[in-house]
Amino acid sequence: MLLRSAIPISRIVVFVTVQLGFAWQASAQPFLPARGEGTVSASYQNVVTRGQEGVNDTASASAADFGVTDTHALLWYVEYGLSDRIAVHASLPFMQVRYNGPVRHTIGINGQPSNIDDGTFHGSPQDFYFGTRFRLVRSSRFAFTPFAEFIIPSHHYESLGQAAVGRDLRALVVGAAAGGFADDLLPGLHYQTRVSYALVQQAVDVHPNRTGIDSAIGYFVTPRLALQFIETLELTKDGIDWVGPPNYLAVHNGAAFNHDYGLNHDRLARTNALNFGVGVAFDFTQRFGVFATFTKLAWGQNLPPPRSVTAGMNWSFQT
């Protein structure tokens with residue numbers, strides 16, 4: 001079914017760069033693989049950010065004032081159907097990030113000297129993602145699938161810096177995906193949405209929990225070719241706000257952060273982001289397909305505004 005590959009791994013769009021972690025778009029799929037079947041996805045993503053978005057216009061900074069980050073990521077995702085109702089999945093991204101600009105971090109998360117923002121690429125695996133999805137409702141036209149996912153850092157990487165690959169925080173993500181086909185409105189029209197809530201490990205005295213809503217509306221131009229409009233929204237419940245130039249500092253609940261907040265301000269950023277994008281997917285066979293997406297920030301707070309391009313492939317297998 002092309003719907004499997006029609007929504008590729010696009011949620012990384014913003015969150016590669018703002019260190020919110022990878023919440024794989026593949027887990028947004030409402031339809032599960034059958035028992036004994038699985039899918040492997042591999043893709044490349046480039047994310048470029050320029051400047052910084054604050055909580056208001058006066059807190060924002062231009063690319064000249066704040067700098068530019070360039071991220072290259074290799075992404076893989078594997079899912080396998082244990083039964084017709086339960087599937088499990090896992091993933092681990094590898095990232096190379098470079099920062100060029102005046103707002104460099106010269107100390108690390110533990111207060112040690114750091115060269116992560118020295119203008120060269122710094123690479124590292126990011127976080128493991130282990131999850132399961134359960135088919136609660138399914139017909140030929142509609143599916144509703146709850147899910148749960150654990151996010152576990154692959155190692156204790158540096159999480160303070162413009163070129164950090166992630167936040168180095170554990171999380172439990174729970175939610176549900178729903179979607180299907182709307183042939184009554186337009187033959188070939190399909191849709192899906194995913195609502196999630198992430199319970200994030202505490203840093204200092206803050207739990208930067210977040211809500212995510214990812215949606216897509218697509219159209220099958222042919223049985224093999226699909227086009228899509230993609231939306232991703234992420235809202236963080238608590239954290240640190242950006243107050244911008246001239247001091248490039250931040251506040252938490254209206255008060256300037258202390259030393260511990262300063263060392264953890266990248267992990268605790270109260271990031272809110274709305275992204276829109278387009279995607280295309282093509283299945284060469286029932287087992288192999290390719291996809292590509294382009295996404296851009298439409299509205300955001302406390303993050304560098306990203307532009308993302310992704311290209312990859314899906315391969316289905318049967319044991």
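First, a word on scope: everything that follows refers to the structure included in this document. (Residues numbered from 1 in each chain as written. Predicted model: local features only at pLDDT ≥ 70, side-chain atom pairs only at ≥ 80, totals over all residues. Heavy atoms only, no water.)

**A look at the overall build of the protein chain**
When helices and strands are tallied, the protein chain shows 4 helices and 18 strands. Among the 319 residues that make up the protein chain, the fraction classed as buried is 55%. Pairs at least 24 residues apart make up 68% of the contacts formed inside the protein chain by residues separated by at least 6 positions. Within the structure as shown, the protein chain displays about 13,200 Å² of accessible surface, and the carbon and sulfur contribution to it stands at 63%. (Helix = DSSP H or I, 4+ residues; strand = E, 2+ residues; numbered from the N terminus. Buried < 20%, exposed > 50% of the residue type's maximum accessible area, 1.4 Å probe, protein only. Contact = heavy atoms within 4.5 Å. Areas by Shrake-Rupley, 256 points an atom, 1.4 Å probe, with all protein chains shown as cover.)

**Quick word on unusual backbone geometry**
Phi at Val204 is positive, roughly 55°, even though this residue is not glycine. Along the chain, Val204 turns up in the loop between β10 (189-200) and β11 (210-220). Under the relative-accessibility criterion, Val204 is labelled partly exposed at 33%.

**Brief notes about the packing of aromatic side chains**
Applying the stated criterion across every chain, the model contains 8 aromatic pairs. Considering the side-chain rings of Phe284 and Phe288, the 5.9 Å spacing of their centres and the 25° angle between planes classify their relative orientation as stacked. Judged by relative accessible area, Phe288 falls into the partly exposed class, the value being 28%. (Phe/Tyr/Trp six-rings, centres within 6.5 Å; stacked < 30°, edge-to-face > 60°.)

**Considering the side chain of Asp168**
Looking at the element boundaries, Asp168 is found in the loop between β8 (142-153) and β9 (171-181). Here Asp168 occupies a buried position and makes no salt bridge, while the nearest side chain of opposite charge, Arg267, is found at 4.5 Å. (Lys, Arg positive; Asp, Glu negative; His and termini not counted. Salt bridge = Lys/Arg side-chain N within 4 Å of Asp/Glu carboxyl O.)

**Topic: the nonpolar core**
Within the largest apolar cluster, 15 residues are counted, with the highest numbers of intra-cluster contacts made by Phe66, Met95, Val97, Ala163 and Val165. If you list the elements that add at least two residues to this core, you get β2 (68-81) and β4 (94-100). Take this core: its biggest share by element is 3 residues, from β4. Tyr129, Ala198, Ile240 and Leu268 belong to the second-largest nonpolar core, a separate cluster that totals 13 residues. (Core = buried A, V, L, I, M, F, W, Y, C linked by side-chain atoms within 4.5 Å.)

**A short note on the pairing of β9**
Side chains on a regular strand alternate between the two faces of the sheet. Within β9, 8 of the 11 residues are buried, which leaves the element mostly enclosed by the surrounding structure. Pairing between β8 and β9: 10 bridges, direction antiparallel. If you follow Ile151 over to β9, its bridge partner there is Ala171. By the bridge criterion, 11 bridges tie β9 to β10 in an arrangement that is antiparallel. Within β10, the position partnered with Gly175 by the bridge is Ser196. (Pairing = 2+ DSSP bridges.)

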